[in-house]
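Overview (structure and organization)
For reference, the chains in residue letters:
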Amino acid sequence: MVRTSGAAPRLAEMLGIVLGTDRIPVRLRAWDGSEAGPHGAPVVEIRSRRALRRILWSPGQLGLSRAYVAGELDLPDDVFAAVAALTSTGQLTDPVPLTARRRRRLLRAAAGLRALGPRPGPPPEEVDLGGYGGQHSKARDAAAVSHHYDLGNDFYALVLGPSMAYSCAVWDDPSGGLEAAQEAKHDLVCRKLGLRPGMRVLDVGCGWGSFALHAARCYGTDVLGVTLSPEQAALGRERVSAAGLADRIEIRVQDYRDVADGPFDAVSSIGMSEHVGNDQIDDYAARLHGLLRPGARLLNHAIARRTGDLWGTGAPPDHSGTFMDRYVFPDTEVLSLTRMIGALEASGLEVLDVEALRPHYGLTIRAWERRLVEHWPEAVELVGEGRARVWRLYLVVAAWTFESGRQGVNQVLAQRSGGTPPLDRPWRAAADR
């Protein structure tokens, strides 16, 4: 029998204060078995008073995230529905600081639950890059990439599947499967770049070599891939050797700013420029422009923010206190589409095409999340329960951001002067023209 007295009513009061609403959008289940909140709503389970202390010290997204990663708070039913409900008031995504009155109410409710106490230390999965120098220095960028990508190739194989492609796929048919969708994405990029046998391609942020393998195998190109992750590079080289393409593909651990052996006939940057930063994006575009032959093309595939400074005239919002920055992608700055296009054009590149892929990313991320859940015991064995919980929450939140339209993802095709732009879009399938 569900108890309606006990800790849950006070928990509901606390959550309402944090979310800025009198009617919480979830069903709360407390450590003593009591429940409060609307029947039929997604369940949020508070397992200990320590979770409340985290929320008291960081009332909002970060406190709730820390409690979830530590296993003190759980979402035992539909995780996607729970995240959508918790973010529905906007306080977790666009927080308004608590007023003095709301903070006093929060403290009184916590005192009634005997939850007051010193600040708990953050879970060990939380990262602080303060010792690596200024944001987007080469050393700090390498540390940020290592934090996210050097979890172990076996873990990424569980989540990404055989393609080992870690960016938005292109789904011709939602029932077609993740591997087919990733291959379709790689082939679309090759066609947009106009790849032909013998061309030399630079793949910036090459990951585990998936695009390089497709371009060399299917289009006869020579590819240089660069990544800051030693683990990615090691597996990428193994995959290249196993495919018999070691004479066509080279994978280096190298910052794109240090590539000096151009020019190239094409440059691909798939899911990498989010790590560059607003202050560095103009230099990024200029450097890639300088690595292209006259008339050669660049394909930049990147997430774009769709809220706040929509026109991209200023710096992106500060996300240094968010779950994504502390646990998933430290120092990442998602720019607006207009900011990206402006940087490419300022470098001297001519934009030929822009394609929005936002609906495709929700499908992609949900496929990754399904794989993670299906392989949960193996994932926990590989990276620990805390890190596996980080990834579960990250994927669910990421799917929500794209499905709700808060972020988009776009492929921008640009060309250095010296070539003739096509009259149509020859990279599209005939049925799409």
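A short tour of the structure in this document, coming up. Everything quoted here is computed from the prediction, not taken from an experiment.

1. Things to note about the overall build of the protein chain
- The secondary structure content of the protein chain amounts to 16 helices and eleven strands.
- Its C-alpha atoms give the protein chain a radius of gyration of 23 Å, near enough to 22 Å, the size a compact globule of 433 residues would have.
- Each principal axis of the C-alpha distribution contributes one length, and for the protein chain these read about 75 × 45 × 45 Å.
- Per-residue burial for the protein chain yields a buried fraction of 55% across its 433 residues.
- A fraction of 73% describes how many contacts in the protein chain between residues 6 or more apart in sequence connect residues 24 or more apart.

2. Here we look at the sheet that holds strand β3 (residues 43-46)
- Spatially, β2-β1-β3-β4 is the arrangement adopted by the four strands of the open sheet, whose pairing is mixed. Edge strands, defined here as strands with exactly one partner in the open sheet, are β2 (35-36) and β4 (73-74).
- One ladder, built from three bridges, connects strand β1 (residues 27-29) with β3; its direction is parallel. Paired with R29 across the two strands is E45, which belongs to β3.

3. Remarks on the nonpolar core
- By size, the foremost hydrophobic cluster in this structure holds 107 residues, and its most contacted members are L195 and W391.
- The biggest single contributor to this core is helix α16 (residues 385-403), with ten residues.
- Grouped together as the second largest cluster of nonpolar side chains are 26 residues, F264, V267, L288 and L344 included.

4. Some words on the pairing of strand β11 (residues 407-415)
- In terms of burial, β11 is largely enclosed, as eight of its nine residues are buried.
- In this sheet, β11 lies alongside strand β9 (residues 292-305) in antiparallel orientation, the contact comprising nine bridges. Bridge assignment links H301 to a residue of β11, and that residue is Q411.

5. Observations regarding unusual backbone geometry
- The omega angle of the peptide bond from G262 to P263 is 5°, so this bond is cis rather than trans.
- You can see P263 is positioned in the loop between β7 (249-253) and β8 (264-270).
- Even without glycine at this site, R114 takes up a positive phi of about 55°.
- Along the chain, R114 falls in the loop between α5 (100-112) and α6 (138-149).
- At M164, a position not held by glycine, the phi torsion is positive, near 50°.

6. Examining the packing of helix α2 (residues 49-57) against helix α3 (residues 61-69)
- The geometry of α2 relative to α3 is characterised by a closest axis approach of 7 Å and an angle of 155° between their N-to-C directions. Taken as axis vectors, α2 and α3 run roughly antiparallel relative to one another. Crossing of α2 over α3 shows right-handed handedness. Between α2 and α3, the residues in contact are A51, R54 and I55 and G63, L64, R66 and A67, respectively.
- A per-class count over the contact of α2 with α3 returns four nonpolar, one polar and two charged.

7. Quick look at the state of the cysteines
- On inspection of all chains with the given rule, the structure shows zero disulfides.
- The cysteine C168 is free of any disulfide, with C190 supplying the nearest cysteine sulfur at 16 Å.
- A disulfide-free cysteine, C206 has its sulfur positioned 14 Å from the sulfur of C190, the nearest such atom.

8. Overview of the side chain of S163
- Position of S163 relative to the elements: it lies in the loop between α7 (153-160) and α8 (178-193).
- For S163, a relative accessible area of 11% corresponds to the buried category.
- Other than its neighbours up to four places away in sequence, S163 contacts E179, Q182, S210 and R239.

Scoring rules and cut-offs
Residues numbered from 1 in each chain as written. Predicted model: local features only at pLDDT ≥ 70, side-chain atom pairs only at ≥ 80, totals over all residues. Heavy atoms only, no water. Helix = DSSP H or I, 4+ residues; strand = E, 2+ residues; numbered from the N terminus. Rg over C-alpha atoms; globule rule 2.2 N^0.38 Å. Buried < 20%, exposed > 50% of the residue type's maximum accessible area, 1.4 Å probe, protein only. Contact = heavy atoms within 4.5 Å. Pairing = 2+ DSSP bridges. Core = buried A, V, L, I, M, F, W, Y, C linked by side-chain atoms within 4.5 Å. Axes fitted to C-alpha atoms, helices over the stretch in contact; angles between N-to-C directions. Parallel < 35°, antiparallel > 145°, perpendicular 65-115°, else oblique. Left-handed = near helix turned anticlockwise from the far one by under 90°. Nonpolar A, V, L, I, M, F, W, Y, C, P; charged D, E, K, R; others polar. Disulfide = S-S within 2.5 Å.

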